[in-house]
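Inside the fold
Each chain, letter by letter, is given below.
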Protein chains: 2
Amino acid sequence: MRVSELSRRSGVSVTTIKYYLREGLLAPGRQTSATQAEYDDRHLRRLRLIRALTGVRGLSVATTREVLDALEAHTGDTHLLLGLTLGSVSLSGESAEQDPATGEVESLVEELGWHVHESAPARATLAETLTSLRSLGVPMDRHVLLPYARLAEGIAALDLDQLDDLPDPLEAAERALLLTVLLEPALMALRRMAQENESARRHAP
Amino acid sequence: MRVSELSRRSGVSVTTIKYYLREGLLAPGRQTSATQAEYDDRHLRRLRLIRALTGVRGLSVATTREVLDALEAHTGDTHLLLGLTLGSVSLSGESAEQDPATGEVESLVEELGWHVHESAPARATLAETLTSLRSLGVPMDRHVLLPYARLAEGIAALDLDQLDDLPDPLEAAERALLLTVLLEPALMALRRMAQENESARRHAP
DNA sequence: ACGATTGGATACCTTCGCTATCCATGTTAG
DNA sequence: CTAACATGGATAGCGAAGGTATCCAATCGT
């Protein structure tokens, strides 16, 4: 298919597709002549993935490119993909200096018995949040965090369950990505509804 | 205190403080004369809250204003605050038309036995995510979602536990806001680390 | 053969979150 | 008292992000 069909089938305008090509989010089509290229279903699929990450989840184009690059690179070892790349998603800028709560996060991970890569960006995200909450007067220590972490184990187990019946490693990697990133707003939505319910249960007459 | 002291103590530049005043994020100080105003600790506290929401969590200025307005309005009935306002946080634009998965979300909420306001934006967020994931070929139905929802109940219970020992309703409302919004990246970070750990546990030799 | 489409390049546009500059009024140190 | 400096208020500008619009020459379909 050529670009106009790709545009029609994906709902993304031709100029935007060109923009994604320029930004390296989408691989160029197969050249059939000097000024003509042919696209296939993988491009269509990729394009829908891009729109899901940027539109639904609100990732920046730059972050989306990093995530997609990591998807290409780590198709074999799925869990590395998740740990290494997606931690940087919610951070706006790179934090050059080390957060004061870093050591505390380390001891929490140890207490949990988790095997987590030393340089996983999720560690820094966690440390930053702790520091930020404390500076605003919200007490947040190991005792509070530990039960949250146990529940996170449960969530992770559910996540992994959904990758079991996928023989194709490429498809597994893509689904892992989708589940990790796109499910985030849904999980937070469930949390908010559960909060409302629990609040009503506790305080209602 | 006057604006320069507010600036020094908060680490926010005077021009930015003026910008927040203009945008209605920060209440004007008490006028002491025609061209002079006095600020107090509530302004400082509010300013730190604004920086936490916009900087740490990445909320837009417009969303932050909505959230803060809701904080003012619903200081008494804390749980309403959470349900009604924060659902719109992760959405970029207003979705005018109803999502096809709306009915499904409704039956899920019913099956869970949750009391959730009919117009809670979290419902729409959940429905959108379902639709989006499905269009990308990821199966996502009631059976998959239900265990996630049960874990969300656990998270909500932990959240509410942390509001118990706060007699001042204003402080309780503010902490509810901070916990709901600022803890989100931390929870997602825990999830990613737990995924990495669980993946290693299942697939490692 | 000829109008429509394509790839490729470049310029431009809008929104967001500040930032810089002006200016008239106020405060304050000497 | 007065001169230097700070303040509130208004307006204009800036840089990044995410597209969009326009040109152009080559090429395709008929």
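Parameters and conventions
- Residues numbered from 1 in each chain as written.
- Chains lettered and ligands numbered in written order.
- Predicted model: local features only at pLDDT ≥ 70, side-chain atom pairs only at ≥ 80, totals over all residues.
- Heavy atoms only, no water.
- Helix = DSSP H or I, 4+ residues; strand = E, 2+ residues; numbered from the N terminus.
- Buried < 20%, exposed > 50% of the residue type's maximum accessible area, 1.4 Å probe, protein only.
- Areas by Shrake-Rupley, 256 points an atom, 1.4 Å probe, with all protein chains shown as cover.
- 1 Å grid on protein atoms, 1.4 Å probe; cavity = no way out; pocket = protein on both sides within 12 Å on 5 of 7 lines; lining within 4 Å.
- Points joined across faces, edges and corners; volume = space filled by probe spheres on them.
- Least-squares fit on C-alpha atoms with pLDDT ≥ 70 in both.
- Contact = heavy atoms within 4.5 Å.
- Arc of directions from axis to C-beta.
- Near = heavy atom within 4 Å.
- Polar contact = N/O pair within 3.5 Å; in protein donor to acceptor, adjacent residues only side chain to side chain.
- Nonpolar A, V, L, I, M, F, W, Y, C, P; charged D, E, K, R; others polar.
- Core = buried A, V, L, I, M, F, W, Y, C linked by side-chain atoms within 4.5 Å.
- Buried area = accessible area lost by both parts, 1.4 Å probe.
- Salt bridge = Lys/Arg side-chain N within 4 Å of Asp/Glu carboxyl O.

Counting secondary structure elements, chain A contains 9 helices and 2 strands. Sorting the 205 residues of chain A into buried and exposed places 50% on the buried side. If you sum the accessible surface of chain A, you get close to 9,600 Å²; carbon and sulfur atoms cover 51% of it.

Relative to the assigned elements, Thr-180 of chain B resides in helix 9 (residues 169-203). In sequence terms Thr-180 of chain B and Asp-159 of chain B are 21 residues apart; their C-alpha atoms lie 7.8 Å from each other.

Attention now moves to empty space enclosed by the protein. It is the rolling of a water-molecule-sized probe over the atoms that shows where space remains empty. Counted under the stated rule, the structure contains 5 cavities of 30 Å³ or more. When its volume is computed, the largest cavity comes out at roughly 100 Å³. Around the largest cavity sit 14 residues that line it, and Ile-155, Leu-187 and Met-188 of chain A together with Ile-155 and Met-188 of chain B are the ones nearest its centre. Secondary-structure elements contributing two or more residues to the lining of the largest cavity are helix 8 (142-161) and helix 9 (169-203) of chain A together with helix 8 (142-161) and helix 9 of chain B.

Attention now moves to the relation of the copies chain A and chain B. Placing chain A over chain B gives an RMSD of 0.1 Å and needs a rotation angle of 180 degrees, together with 0.0 Å of translation along the axis. Taken together, these values place the two copies in the relation of a two-fold axis. Taking C-alpha positions as the reference, the residue of chain A nearest the rotation axis is Leu-151 of chain A, at 3.2 Å. The share of interface residues of chain A whose copies in chain B are also at the interface is 99%, consistent with both copies meeting through the same surface.

For the rest of this paragraph, the subject is helix 1 (residues 3-10) of chain A. An α-helical turn contains 3.6 residues, so any two residues separated by three or four positions project in the same direction. Residues and elements named next belong to chain A. Every buried residue of helix 1 is listed here: Leu-6, Ser-7 and Ser-10. Here the buried residues of helix 1 occupy an arc of 100 degrees about the axis, which is enough to place them on one side. The exposed set on the far side of helix 1, more than 90 degrees from its buried face, consists of Ser-4 and Arg-8. Contacts from the buried residues of helix 1 go to helix 2 (14-22) and helix 3 (41-56). Looking at the residues trailing helix 1, positive phi occurs at Gly-11, about 80 degrees.

Around DNA strand D, the structure places 23 residues, and the nearest of them are Thr-16 and Thr-35 of chain A together with Val-3, Ser-4 and Ala-37 of chain B. Within 4 Å of the protein, atoms of DNA strand D come from sugar and phosphate in 68% of cases. In this structure, a phosphate oxygen belonging to DNA strand D sits 3.3 Å away from a main-chain N or O atom of Val-61 of chain A. At a separation of 3.2 Å, a base nitrogen of DNA strand D approaches a polar side-chain atom of Lys-18 of chain B. At the level of elements, helix 2 of chain A together with helix 1 (3-10), helix 2 (14-22) and strand 2 (36-38) of chain B are the ones that each hand at least two residues to the surface near DNA strand D. In terms of residues, the surface near DNA strand D owes the most to one element, helix 2 of chain A, which gives 5 residues.

Our focus in this paragraph is the protein's contact with DNA strand C. Close to DNA strand C lie 23 residues; Val-3 and Ser-4 of chain A together with Thr-16, Thr-35 and Ser-60 of chain B are nearest. Expressed as a percentage, the sugar and phosphate content of the atoms of DNA strand C within 4 Å of the protein is 67%. Within the side chain of Ser-4 of chain A, one N or O atom sits 2.4 Å away from a phosphate oxygen of DNA strand C. Here Thr-16 of chain B contributes a side-chain N or O atom positioned 2.9 Å from a phosphate oxygen of DNA strand C. Those elements that provide at least two residues to the surface near DNA strand C are helix 1, helix 2 and strand 2 (36-38) of chain A together with helix 2 of chain B. Of the residues forming the surface near DNA strand C, the biggest block, 5 residues, is contributed by helix 2 of chain B. Tallied by class, residues from the surface near DNA strand C come to 7 nonpolar, 11 polar and 5 charged.

Trp-114 and Leu-190 of chain A together with Trp-114 and Leu-190 of chain B are the most contacted members of the largest nonpolar core, which totals 118 residues. Discounting residues that sit within four places of it in the chain, Leu-190 of chain B has contacts with Trp-114, Leu-126, Tyr-148, Ala-149 and Ala-152 of chain A.

With 75 residues of chain A at the contact, the number on the chain B side is 74 residues. At the boundary of chain A with chain B, total buried surface from both sides reaches about 7,200 Å², with 67% on carbon and sulfur atoms. Here Arg-192 of chain A and Glu-184 of chain B are joined by a salt bridge, their closest N and O atoms 2.6 Å apart. The interface formed by chain A and chain B holds 26 residue pairs in polar contact (both at pLDDT 80 or more) in total. The biggest single contributor to the side of chain A that touches chain B is helix 9 of chain A, with 25 residues. Within the side of chain A that touches chain B, the residues separate by chemical class into 41 nonpolar, 20 polar and 14 charged.

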